[in-house]
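This is what each chain is made of:
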Amino acid sequence: MLNIAVVDDEQTHRDILTKYIREWKNAKRLDVKVETFDSSEAFYFIWCEDQRYDVVFLDICMGGADGVSLARKIREKEKAITIIFTTGIADYMQEGYEVEAMHYLLKPLDRKKVWECLEKCLQRKEEDVKTILLPTEEGLVKIETDKLLFAEAMDRCCLLTYQGESLTVKIGMRELAQQLETLEEFTFCHRSYLVNLRKVARVCKKELIMDNGTVVPVSRRLYKEVNEKFIRVVVGE
């Protein structure tokens, strides 16, 4: 599944790009959803509530906030999304480096070049670290699982230690575990703790020492299972 956003203040360009994306989708027989926005502000409002997009095609020169400014705001919160600039002026290379844009598409848009960008996006999506969408007070947030150290049960919520910071998500521990069940590095070490074994520095009888120095408890019942899985998943690599 690829979620794609097209942000351009000109209806003609939105229609052309959407047409090329849908033709590519049909040719590849892929599950692709395309949404269009006529301004940076309109996209940013939705994106702040729901960071579900994998790819965003951004027109650089728009009325109101321009595409480069929007890209900078996105990069402050999200590193995984693929940004592709669309423009009639090839003068923004430095800004592209700053926001890690994957490509520039010069207008008038060429179907072949759009398709080549989409192929790269698909390849990146397939190679990317797994991400999951989790609900917070501010809306849905995309979490890169390899940056999640551990989760602690807090009533009906979970407190995540993620990228060195704390983040409260509005789901229970069992539901979180279900979203991570296909990743063997995640395991319960205690009824209230779910850990990423790849982020464990040392396994002790009663506790785990995480890479950031945090101590997480290990129950007597789960110690053997956790230790064996740590050896298999991490040490055995």
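Here, every reference points to the structure presented above.
Below or above, wherever it landed, is the structure these notes cover.

Calculation criteria
Residues numbered from 1 in each chain as written. Predicted model: local features only at pLDDT ≥ 70, side-chain atom pairs only at ≥ 80, totals over all residues. Heavy atoms only, no water. Buried < 20%, exposed > 50% of the residue type's maximum accessible area, 1.4 Å probe, protein only. Helix = DSSP H or I, 4+ residues; strand = E, 2+ residues; numbered from the N terminus. Arc of directions from axis to C-beta. Contact = heavy atoms within 4.5 Å. Core = buried A, V, L, I, M, F, W, Y, C linked by side-chain atoms within 4.5 Å. Salt bridge = Lys/Arg side-chain N within 4 Å of Asp/Glu carboxyl O. Axes fitted to C-alpha atoms, helices over the stretch in contact; angles between N-to-C directions. Parallel < 35°, antiparallel > 145°, perpendicular 65-115°, else oblique. Pairing = 2+ DSSP bridges. Right-handed = clockwise from strand over helix to strand, strands pointing away. Polar contact = N/O pair within 3.5 Å; in protein donor to acceptor, adjacent residues only side chain to side chain.

## Notes on helix 2 (residues 40–49)
Part 1 of the reasoning: Where helix 2 is concerned, the buried positions are Ser40, Phe43, Tyr44 and Trp47. For helix 2, the angular spread of buried residues about the axis comes to 95°, placing them on one side.
Part 2 of the reasoning: Buried-residue contacts for helix 2 involve strand 1 (2–7), strand 2 (32–37), strand 3 (55–59) and helix 3 (67–77).

## Describing the nonpolar core
Part 1 of the reasoning: In terms of nonpolar packing, the biggest core is built from 35 residues, with Leu160, Leu176 and Leu208 touching the most fellow members.
Part 2 of the reasoning: Broken down by element, this core gets its largest block of residues, four residues, from strand 8 (residues 148–154).

## Let's talk about the pattern of salt bridges
Part 1 of the reasoning: Under the counting rule described, the total for this entry stands at 11 salt bridges.
Part 2 of the reasoning: Between Lys19 and Glu23 there is a salt bridge, with the nearest N and O atoms lying 2.9 Å from each other. With Lys19 and Glu23 both in helix 1 (residues 11–28), this residue pair falls four residues apart, about one helical turn.
Part 3 of the reasoning: For Lys19, a relative accessible area of 42% translates into the label partly exposed.
Part 4 of the reasoning: What makes Glu23 partly exposed here is its relative accessible area of 26%.
Part 5 of the reasoning: Here Lys142 makes a salt bridge to Asp54, at a shortest N to O gap of 3.7 Å. With Lys142 in strand 7 (residues 139–144) and Asp54 in the loop between helix 2 and strand 3, the pair connects residues that are 88 residues apart, well separated along the chain.
Part 6 of the reasoning: With a relative accessible area of 10%, Lys142 lands in the buried category.
Part 7 of the reasoning: In the salt-bridge network here, residues are joined through shared partners; they are Asp8, Asp59 and Lys107.

## As for the packing of helix 2 against helix 3
Part 1 of the reasoning: It is at 10 Å that the axes of helix 2 and helix 3 come closest, and there the two elements cross at 10°. It follows from the interaxial angle that helix 2 and helix 3 lie roughly parallel. Across the interface between the two elements, Ser40, Phe43, Tyr44, Trp47 and Cys48 from helix 2 touch Gly67, Leu70, Lys73, Ile74 and Lys77 from helix 3.

## What about the pairing of strand 2?
Part 1 of the reasoning: Looking at chain direction, strand 1 and strand 2 are connected through six bridges and run parallel. For Val7, the partnering residue across the bridge sits in strand 2 and is Phe37.
Part 2 of the reasoning: Chirality of the crossover, the property in question, places the unit of strand 1, helix 1 and strand 2 among those that are right-handed.

## Section: the environment of Arg111
Part 1 of the reasoning: Assignment of secondary structure puts Arg111 in helix 5 (residues 111–127).
Part 2 of the reasoning: Residue Arg111 is classed as partly exposed on the basis of its relative accessible area of 35%.
Part 3 of the reasoning: A C-alpha to C-alpha distance of 18 Å links Arg111 and Leu30, two positions 81 residues apart in sequence.
Part 4 of the reasoning: Each residue touching Arg111, except ones within four places of it in the same chain, is listed here: Lys19, Tyr20 and Glu23.
Part 5 of the reasoning: Within the local environment of Arg111, its side chain forms a polar contact with the side chain of Glu23, the two groups lying 2.7 Å apart.

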